[in-house]
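# Chain and residue survey
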Amino acid sequence: MFIFILHYSFFIMLRKLLLTALLAGNIIVWAQKPFGPTPTKDQIALQDMEMYAFLHYSLNTYTGQEWGYGNEDPKLFNPARLDTRQWVRTCKAAGMKGIIFTAKHHCGFCMWPSAYTEYSVKNSPWKDGKGDVVRELADACKEYGLKFAVYLSPWDRNHAEYGREGYITYFRNQLRELLTQYGDIFEVWFDGANGGDGWYGGADETRKIDRNTYYQWDGTYEMIRELQPHCVIWNDQGTRRGDLRWVGTEAGYVGETNWSLLPSTGKITHNDLHYGNENGDVWVPGETNTSIRPGWFYHESEDSKVKSLARLVDSYYKSVGRNSTLLLNFPITEDGLIHPIDSARGAEFAQFIEKAFANDLARKAKIKKDGNTITVKFRQPTEFNRFMVSEDIRKGQRVKKFQIEALVGTEWKSLKDALVENGDGLTTIGRKRIICFPKTTATQLRFTVTDTKAEPIISKISVFNVPEL
Ligand code: FUL
């Protein structure tokens, strides 16, 4: 049996379905058993955020670097106008539901006055060493109703013990400070980058670590679960799985096929990251991270290279529209603000998305279900160019392939995904899938699941006519 719940009239539909189900002697929606791996409540909450911001800010901002070596002078940190409330307002206006902040990037400089190092804001001239950027940002997030999270780089090019056992204790001590002193943390981001060389307390050498074993993630995960039980863990380090995965690129897109699944053991391939793994036995959804500029940190020379609205919207379709979240980076300037070009573009982006998806044309249409096909019958010839569909992921990700067709005049025309080459084979749905195609005027739209791992549970379908950029 193919189960269909239309979002806007969820309860009415459910009652109808229940009646039909009872009459037909069929099982009812909530009696459906989950199939395969399913998300935790916290993973669902994270996926439901859809978009959240990254903020990159550190000594790099003052040296023009992307990766500090670890010996940069803390005295460089003295922003004249640092205003975390401006950051949060900007992110909120850009449609972001939370913020992940680089509390410590690879250079090791701490944006909070950690008790475990001198290499932090406490030895900067900013606020006479009495400031705490993490605190100010966590407070501003609370004030404006955004969630707050931290990026803590495991690779630390400043610390003398990096590469040795002592550093693991240091790393956990720092993480404990962040997880206990700043309220709820929705995500921790453990960047896997490691170039080897660094200052390391003056040793100035190359230190290689084994990314599978060195960080002893099991113990660190346990600590996170204990201190912040609702926090999700992002990790691309070796064989230890987090709650979320990197999608294998920072260019702002995930594979058009995107399973929220990974194998729990063994090596993960680049394909696993980019497309998920159909046969995976753990739920690890993809998070698509990208920057609004070429770099992660602010460089004046990139003021002219802020991504266009069209590029941001393209990333939206290729992340949120492909069963992923979008983690969009805004760099902080030397002054301690988000640059006006970036904030204007962010607001433009949010307004575009809001307007584009405000009018669901399926609402005014008749919906008919027949086997594995759902037909949307419009009252009159209707122009549209986007199709949106969701599975009830609480019951697992099931659909492997589907097709959509439009009745144009008297002919059924197959609709292809315009954002992929050979976009006729439509694969995987998950939490949300958006298919883009050229504007089409039709009297009906037909959606058919053509291959599935188990009985499909479609929780929502929508049709839109979105401005082309
Ligand atoms: C990468 C890092 O090396 C970059 O500096 C940046 O933080 C990005 C989000 O992740 O791996």
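Notes on the structure in this doc start here. Since we're looking at a predicted model, the values are computed, not measured.

All right, on to the packing of helix α9 (residues 309-317) against helix α10 (residues 340-356) then. At a minimum axis separation of 10 Å, α9 and α10 run at an interaxial angle of 50°. Comparing the axis directions of α9 and α10 gives the class oblique. By crossing handedness, the relation of α9 to α10 is classed as right-handed. Here L309, L312, V313, Y316 and Y317 of α9 come into contact with α10, specifically with R345, E348, F349, F352 and I353. Grouping the constituent residues of the contact of α9 with α10 by class yields eight nonpolar, no polar and two charged.

Attention shifts here to the site of the ligand. Close to the ligand lie F54, H56, W67, H105, H106, Y151, W189, D191, A193, E250, N289 and W296. For the ligand, an oxygen atom lies 2.8 Å from a polar atom in the side chain of H56. Taking E250, its side chain carries an N or O atom lying 3.4 Å from an oxygen atom of the ligand. Across the complex, the protein chains shield 91% of the 300 Å² of accessible surface that the ligand would expose by itself. Class assignment of the residues belonging to the shell around the ligand gives a composition of six nonpolar, four polar and two charged.

Quick look at the packing of aromatic side chains now. On inspection of all chains with the given rule, the structure shows 35 aromatic pairs. Residues Y62 and F77 carry aromatic rings whose centres are separated by 5.8 Å and whose planes lie at 90° to one another, so their mutual orientation is edge-to-face. Of this pair, Y62 sits in helix α3 (residues 60-63) while F77 sits in the loop between α3 and α4 (84-93); the two residues are 15 residues apart in sequence, bridging distant segments of the chain. Looking at F77, the relative accessible area reads 0%, which means it is buried.

Moving on to the packing of helix α6 (residues 165-181) against helix α7 (residues 217-227). Two elements in contact, α6 and α7, have axes whose closest approach is 10 Å; the angle formed by their N-to-C orientations is 15°. In terms of axis orientation, α6 runs roughly parallel to α7. Pair α6 / α7 crosses with right-handed handedness. From α6, F171, R172, L175, R176, L179 and T180 reach across to α7, where they touch W217, G219, T220, M223, I224 and L227.

So, about the pattern of salt bridges. Counting across every chain of the model gives 22 salt bridges. The closest approach of N and O atoms between E348 and R345, which form a salt bridge, is 3.0 Å. Of this pair, E348 and R345 are both found in helix α10, three residues apart, which corresponds to roughly one turn of the helix. A relative accessible area of 34% means that E348 is categorised as partly exposed. One salt-bridge network, held together by shared partners, links D48, E50, R431 and K432.

Across the six residues that make up strand β12 (residues 286-291), a large majority, six, are buried. Burial of the side chains of β12 extends over both faces: G286, T288 and T290 are buried on one face and E287, N289 and S291 on the other. Note: strand β9 (residues 245-246) against β12, two bridges, orientation parallel. Pairing of R245 across the sheet is with G286, part of β12. Of the pairings in the sheet, the one linking β12 to strand β13 (residues 325-331) comprises five bridges and is parallel in character. Of the residues in β13, the one forming a bridge with S291 is N329. As a crossover connection, the stretch from β12 through α9 into β13 is right-handed.

Cut-off values and rules
Residues numbered from 1 in each chain as written. Predicted model: local features only at pLDDT ≥ 70, side-chain atom pairs only at ≥ 80, totals over all residues. Heavy atoms only, no water. Axes fitted to C-alpha atoms, helices over the stretch in contact; angles between N-to-C directions. Helix = DSSP H or I, 4+ residues; strand = E, 2+ residues; numbered from the N terminus. Parallel < 35°, antiparallel > 145°, perpendicular 65-115°, else oblique. Left-handed = near helix turned anticlockwise from the far one by under 90°. Contact = heavy atoms within 4.5 Å. Nonpolar A, V, L, I, M, F, W, Y, C, P; charged D, E, K, R; others polar. Near = heavy atom within 4 Å. Polar contact = N/O pair within 3.5 Å; in protein donor to acceptor, adjacent residues only side chain to side chain. Areas by Shrake-Rupley, 256 points an atom, 1.4 Å probe, with all protein chains shown as cover. Phe/Tyr/Trp six-rings, centres within 6.5 Å; stacked < 30°, edge-to-face > 60°. Buried < 20%, exposed > 50% of the residue type's maximum accessible area, 1.4 Å probe, protein only. Salt bridge = Lys/Arg side-chain N within 4 Å of Asp/Glu carboxyl O. Pairing = 2+ DSSP bridges. Right-handed = clockwise from strand over helix to strand, strands pointing away.

So far we have only geometry, and geometry alone does not tell us how the molecule works.
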